[in-house]
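So you can see what is in the structure, the chains are spelled out below.
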Amino acid sequence: MASSIPDKMKAAALDTFGGPEVLGIKSLSVPACGDDEILIRVAVAGIGVWDHLEREGEMKDMVPGGPRFPYVPGTDGAGEVIAVGKNVKDREVGDTVYGTAFMSPKGGFYAEYVAVKAEHAAKVPKGLTVEEAAALGGDGVTAIQGLEDHLQLESGQKLLLFGASGGLGHLALQLARRMGAKVLAVASGEDGVELVRRLGADAVVDGKQGDLEKACRDFAPEGFDAALVLARGDAAEPLLRHVREGGRIAYPNGVEPAPKGPEGVQTKAYDGIPNPKSLERINELIEAGPFHLEIGRVYALEEAAKAQQEVLKHHLGKFVMRIN
């Protein structure tokens, strides 16, 4: 079943890969909803720190069947379900959901409508607004999979979180604390330190001017059990020596330069790939109590190119773009 769906939609799209100037507003056909998909009227799209790489064509080989133009970027977002495919059982028209369309040949969230696999979307968790949930499809999934699947973090263990005040980092901090871990958060600038302290980090240090080595020794004299690196790997490397032998280090693909861990410590790069288990776990942890999602800035669809540039500068939390 479906509510009334227009033929055309407004989208920020590109006809060729390149710099910010290639991203413009176009009138495009609303994507068709496949049998295993849902069609979402997008309320808010997330702005990823990786979005410029998508625009520049660095990720084009990840699109099944190759990219098609006009190309609509945008990994994640949130909105209302307005159509469901015939094989979809657990989503209904009218549901408010967040999800991801990472490298979808049908286009991403920089548009008024997006078709996503039903298993790549989940209901907006209780306590969050649609605007806040727009960050969870990409950053939330990447955070929970880093902590649980790749670091296998357990309650009581000590985590070094490098890049804790960004869109991904501030989510990882709160999720790790809810999992019972003790977290040393390395944040960016005074405003970043203040944010992660407010979000419950056990200890905080400014990555730009704090005594990082002393903070590590004081917090984990026996060594960290795990480290999640979300910002410049070369800057994190001196601290990774404080991960104990047999510990683990993980970082999402796209962290440049990639960090190198010490001998005896497994260092693993990964992608946040959405699946029902990860989405359910995110919702379960978020709904366990008040959860803060820091929206650093809200843009209009027409400001898409500007947003992609400004997200690469110092900022807190997640940038989003209001669509409908």
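Scoring rules and cut-offs
- Per chain, the residues get numbers from 1 upward, laid out in the order the sequence is written.
- Local features are withheld for residues below a pLDDT of 70 in this predicted model, meaning they are given only at 70 or higher, and side-chain atom pairs are given and counted only at 80 or more; totals for whole chains, interfaces and linings count all residues.
- Only hydrogens and water are set aside; all other atoms, that is, all heavy atoms of the structure, feed into the side-chain values.
- By definition, any uninterrupted DSSP run of H or I lasting at least four residues is a helix, any uninterrupted run of E lasting at least two residues is a strand, and each is numbered from the N terminus.
- All radius of gyration figures rest on C-alpha atoms, and the globule criterion is 2.2 Å times the number of residues raised to 0.38.
- Throughout, a contact is declared for two residues whenever any of their heavy atoms are within 4.5 Å.
- Multiply 1.5 Å by the residue count of a helix minus one, and that product is the helix's expected span.
- Remark: exposure states derive from per-residue accessible area (1.4 Å probe, protein chains only) relative to the maximum for the residue type, with buried under 20%, exposed over 50%, and partly exposed in between.
- In the sections that follow, a salt bridge refers to a side-chain nitrogen of Lys or Arg positioned within 4 Å of a carboxyl oxygen of Asp or Glu.
- Aromatic contacts are taken between Phe, Tyr and Trp rings whose centres are within 6.5 Å, Trp giving its six-membered ring; a plane angle under 30 degrees counts as stacked, one over 60 as edge-to-face, and the others as tilted.

Undergrad: Any chance you could break down the overall build of the chain for me, citing the residues and the numbers?
TA: Looking only at helices and strands, one finds nine helices and 15 strands in the chain. Rg of the C-alpha trace for the chain: 19 Å, near the compact-globule value of 20 Å for 324 residues, within the 12% margin. When the backbone C-alpha atoms are referred to their principal axes, the chain occupies close to 60 × 40 × 35 Å. Partitioning the contacts of the chain with sequence separation of at least 6, the portion at a separation of at least 24 is 67%.

Undergrad: Outline helix H4 (residues 167-178), listing residues and values.
TA: Helical periodicity: at 3.6 residues per turn, an α-helix aligns residues three or four positions apart in one direction. With 12 residues, H4 extends 18 Å from end C-alpha to end C-alpha; this agrees with the ideal 16 Å at 1.5 Å per step. Residues of H4 that are buried include every one of Gly167, Leu168, Gly169, His170, Leu171, Ala172, Leu173, Gln174, Leu175 and Ala176, and no others. Directly beyond the C-terminal end of H4, a positive phi value near 95° is found at Gly180.

Undergrad: Would you mind going over the pattern of salt bridges in detail, with residue names and values included?
TA: As a working rule, side chains carrying opposite charge can pair if their charged atoms are close by. The tally for this structure, following the rule as stated, stands at 21 salt bridges. Residues Asp35 and Lys86 are paired through a salt bridge, measuring 3.9 Å at the closest nitrogen-oxygen approach. A residue pair is termed long-range when its members are at least 10 positions apart, and Asp35 in the loop between strand S2 (24-29) and strand S3 (37-47) and Lys86 in the loop between strand S4 (76-84) and strand S5 (96-100) qualify at 51 residues. Judged by its relative accessible area of 65%, Lys86 is exposed. The partner of Arg241 in a salt bridge is Glu213, with the nearest N and O atoms 3.3 Å apart. Placement of the pair is Arg241 in the loop between helix H7 (233-240) and strand S12 (243-252) and Glu213 in helix H6 (residues 212-219), with a sequence separation of 28 residues. Relative accessible area serves as the criterion here: at 25%, Glu213 is assigned to the partly exposed category. Among the charged side chains, a salt-bridge network with shared partners connects Asp76, Asp139 and Lys318.

Undergrad: Account for the packing of aromatic side chains, with residues named and values stated.
TA: Taken as a whole, this structure holds five aromatic pairs when the rule is applied. The interplanar angle of 70° and the centroid separation of 5.5 Å between the aromatic rings of Phe17 and Tyr71 together place this pair among those described as edge-to-face. Of this pair, Phe17 sits in the loop between strand S1 (8-13) and S2 while Tyr71 sits in the loop between helix H1 (51-56) and S4, and the two are 54 residues apart along the sequence. Ring centres 6.3 Å apart and planes at 45° place the aromatic pair Phe69 and Tyr71 in the tilted group. Tyr71 gets classed as buried once you look at its relative accessible area, which sits at 6%. Taken together, the ring pairs connect Phe17, Phe69 and Tyr71 into an aromatic cluster.

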